[in-house]
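Secondary and tertiary structure notes
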Amino acid sequence: DVKVTQSSRYLVKRTGEKVFLECVQDMDHENMFWYRQDPGLGLRLIYFSYDVKMKEKGDIPEGYSVSREKKERFSLILESASTNQTSMYLCASSPSGKAFFGQGTRLTVV
Amino acid sequence: GDSVTQMEGPVTLSEEAFLTINCTYTATGYPSLFWYVQYPGEGLQLLLKATKADDKGSNKGFEATYRKETTSFHLEKGSVQVSDSAVYFCALIGNNDMRFGAGTRLTVKP
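One structure accompanies this document, and this report is about it. (Residues numbered from 1 in each chain as written. Chains lettered and ligands numbered in written order. Predicted model: local features only at pLDDT ≥ 70, side-chain atom pairs only at ≥ 80, totals over all residues. Heavy atoms only, no water.)

1. Details of unusual backbone geometry
Of the consecutive residues Gly9(B) and Pro10(B), the connecting peptide bond is found in the cis state with omega at -5 degrees. Relative to the assigned elements, Pro10(B) resides in the loop between strand 1 (3-6) and strand 2 (11-14). A positive phi angle, close to 65 degrees, is found at Lys53(A), a residue other than glycine. Relative to the helices and strands, Lys53(A) resides in the loop between strand 6 (42-49) and strand 7 (56-57). In this model, Lys60(B) sits at a positive phi of 55 degrees, which is unusual for a non-glycine residue. Position of Lys60(B) among the secondary structure elements: in the loop between strand 7 (56-59) and strand 8 (62-65). The class for Lys60(B) is partly exposed, based on a relative accessible area of 49%. (Helix = DSSP H or I, 4+ residues; strand = E, 2+ residues; numbered from the N terminus. Buried < 20%, exposed > 50% of the residue type's maximum accessible area, 1.4 Å probe, protein only.)

Below, the structure written as structure tokens:
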């Protein structure tokens, strides 16, 4: 079975902190995605990557950056966390034609 | 850019009622289309998919047909059960990125 693992299920951070959300997949997939999920807004694409060291902005990249140094790992970085970044963050990977999701990280910024 | 629009919820039905959740998309090229389901407290799971025009995806009694002429991928089920209560997301993959609709919450009452 494909496994997409996010490093934390729950995270509480203070405003202004630098936050790293890690995602690892074990199936050699090219494409990886970061979304945030908010009530009534569905899943909004933050960044995606289709290869090592490649990244593309999604619909809401402001306040975020990403890193993909190895194929299996895609990190989401909040350079200076703000309360409006409190959300559920979902990572997904895809070979093509189907996406596999991690369990999500619920981040609260206080 | 590519986008997905799905019917707003919440939707409340009685057990054994007929379900339709509308989904339309905008995309360049020929995207693959998906329905994902999120049960309470769980991550997203692929429900069904269709990769080309006129394909019908089906799973667990749910069906959706890829209609290129109307750019739609409506989800249907003939007789819903209480266990179908969940949030349903329409999605597309095109040009390496994956976009989701806002989600439709379905509640089925006994």
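2. Concerning the nonpolar core
Ranked by size, the top nonpolar core spans 26 residues in total, and within it Trp35(B), Leu47(B), Leu48(B), Phe73(B), Leu75(B) and Tyr88(B) carry the most contacts. Put simply, the parts of the chain that give this core at least two residues each are strand 2, strand 3 (19-21), strand 4 (23-26), strand 5 (32-38), strand 6 (44-50), strand 8, strand 10 (86-94) and strand 12 (104-109) of chain B. For this core, the element with the highest residue contribution is strand 10 of chain B, accounting for 4 residues. Among all residues touching Phe73(B), those that are not within four sequence positions of it are Cys23(B), Leu33(B), Phe34(B), Trp35(B), Leu48(B), Lys49(B), Ala50(B), Ala64(B), Thr65(B), Tyr66(B) and Cys90(B). Ranked by size, the runner-up nonpolar core spans 20 residues in total, among them Val19(A), Ile46(A), Leu76(A) and Val109(A). (Core = buried A, V, L, I, M, F, W, Y, C linked by side-chain atoms within 4.5 Å. Contact = heavy atoms within 4.5 Å.)

3. Considering the pairing of strand 2 of chain B
Residue and element names in this part refer to chain B. Side chains Val 11 and Leu 13 project from strand 2 onto a buried face, and the interleaved Thr 12 and Ser 14 project onto a face without burial. One ladder, built from 4 bridges, connects strand 2 with strand 12; its direction is parallel. Paired with Thr 12 across the strands is Thr 107, a residue of strand 12. (Pairing = 2+ DSSP bridges.)

4. A look at the interface of chain A and chain B
Counting residues at the interface gives 20 residues for chain A, matched by 16 residues for chain B. Here chain A is connected to chain B by 1 salt bridge. For the salt bridge of Asp59(A) with Arg99(B), the shortest nitrogen-to-oxygen distance reads 2.4 Å. Scanning the region where chain A abuts chain B turns up 5 residue pairs in polar contact (both at pLDDT 80 or more). Elements with a contribution of two residues or more to the side of chain A that touches chain B: strand 5 (31-38), strand 6 and strand 10 (87-94) of chain A. Residue composition of the side of chain A that touches chain B, grouped by class: 10 nonpolar, 8 polar and 2 charged. (Salt bridge = Lys/Arg side-chain N within 4 Å of Asp/Glu carboxyl O. Polar contact = N/O pair within 3.5 Å; in protein donor to acceptor, adjacent residues only side chain to side chain. Nonpolar A, V, L, I, M, F, W, Y, C, P; charged D, E, K, R; others polar.)

5. A word on the environment of Arg14(A)
Residue and element names in this part refer to chain A. Relative to the helices and strands, Arg 14 is located in the loop between strand 2 (10-13) and strand 3 (19-21). Counting along the chain gives 46 residues from Arg 14 to Ile 60, while the straight-line C-alpha distance between them is 21 Å. Every residue in contact with Arg 14, bar those within four places of it in the chain, is listed here: Ala 81, Val 109 and Val 110.

6. Brief notes about the pairing of strand 5 of chain A
Residues and elements named next belong to chain A. The buried fraction of strand 5 is high, at 8 of 8 residues. Burial along strand 5 is two-sided: Asn 31, Phe 33, Tyr 35 and Gln 37 and Met 32, Trp 34, Arg 36 and Asp 38, pointing in opposite directions, are all buried. In the sheet, strand 5 pairs with strand 10 via 7 bridges, with the strands oriented antiparallel. By the bridge assignment, Phe 33 is partnered in strand 10 with Ala 92.

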